[in-house]
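# Results of the structural survey
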Amino acid sequence: MAKITKSPWLLHYDGSSCNGCDIEVLACLTPVYDVERFGIINTGNPKHADIFLVTGGINEKNKAVVKQLYDQMPEPKVVVAVGICACNGGVFKDAYNIIGGVDKAIPVDVYVPGCAARPEAIIDGVVKALGVLDEKQKAFKAAKKQKGENK
Ligand code: SF4
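Below is a summary of the structure that appears in this document. Worth saying up front: this structure is predicted, and the values here are computed from it rather than measured.

So, about the overall build of the protein chain. Counting its regular elements, the protein chain contains four helices and seven strands. Listing every helix and strand of the protein chain by position from the N terminus yields β-α-β-β-β-α-β-α-β-β-α. Computed over its C-alpha atoms, the radius of gyration of the protein chain comes to 16 Å, within 12% of the 15 Å expected for a compact globule of 151 residues. Principal-axis analysis of the C-alpha atoms places the extent of the protein chain at approximately 50 × 35 × 20 Å. Here the protein chain holds 151 residues, and 38% of them are scored as buried. Contacts in the protein chain between residues at least 24 apart in sequence constitute 81% of all its contacts with a sequence separation of at least 6.

In this section: the sheet that holds strand β1 (residues 9–14). Here five strands make up an open sheet; going across it, the order is β2-β1-β3-β5-β7 and the pairing parallel. Every interior strand has two partners, whereas the edge strands, β2 (41–43) and β7 (110–112), have only one. Averaged over all adjacent pairs, the angle separating strand axes in this sheet is 30°, with direction ignored. Pairing of strand β3 (residues 51–55) with strand β5 (residues 78–82) involves five bridges; the strand directions are parallel. Residue pairing in the sheet places Leu53 in a bridge with Val80 of β5. Where helix α1 (residues 20–27) meets the sheet, its contacts fall on β1, β3 and β5, and the angle it forms with β3 comes to roughly 140°.

Quick look at the site of the ligand now. The immediate surroundings of the ligand are formed by 13 residues, with Ser17, Gly20, Gly83, Cys85 and Cys115 found nearest. Of all the elements in the fold, those that place two or more residues in the shell around the ligand are α1 and α3 (84–88). Here the shell around the ligand is built from residues that sort into seven nonpolar, six polar and no charged.

In this section: the pairing of β3. With five of its five residues buried, β3 lies for the most part within the structure. Across the two faces of β3 the burial is the same, with Ile51, Leu53 and Thr55 and Phe52 and Val54 all buried. Strand direction decides the pairing type here: β1 and β3, joined by five bridges, are parallel. Within β3, the position partnered with Leu11 by the bridge is Phe52.

Criteria and thresholds
- Residues numbered from 1 in each chain as written.
- Predicted model: local features only at pLDDT ≥ 70, side-chain atom pairs only at ≥ 80, totals over all residues.
- Helix = DSSP H or I, 4+ residues; strand = E, 2+ residues; numbered from the N terminus.
- Rg over C-alpha atoms; globule rule 2.2 N^0.38 Å.
- Buried ≥ 20, exposed ≤ 12 C-beta atoms within 10 Å, placed from the backbone.
- Contact = placed C-beta atoms within 7 Å.
- Pairing = 2+ DSSP bridges.
- Axes fitted to C-alpha atoms, helices over the stretch in contact; angles between N-to-C directions.
- Near = placed C-beta within 6 Å.
- Nonpolar A, V, L, I, M, F, W, Y, C, P; charged D, E, K, R; others polar.

If you want it as structure tokens, here you go:
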């Protein structure tokens, strides 16, 4: 498991899911799974979030919203696509309004397949995301240090 140096905060956004995956994300917060015991907090504010958890696919209406939420998150940040709809459009892939998965709007770091994605798989995806976040934090700090040295 990735070394966690700070409590990672999540932002959850429902793209155009059937709500099946959203229920499973919420299940991760219940006493059965209780991800808060690891310091993982579900925040409603993108400016406080390190991890962007998206369920459902991307359509013309939500594409700009997903991009805006992503842009509001501070660097470094990671994106987790939860459920097959978020991975590639899933069962709604051929619907007239669906463009595809989350990576049609923003870069995705971790894909969690499943319909619905089970809480264990979502938690596993978040743990993978923490590893990616750790790497990005190191690169971010190194870049900042180099910038400072060059001044
Ligand atoms: S992957 Fe399945 S459960 Fe999740 S949003 Fe899509 S249809 Fe619903």
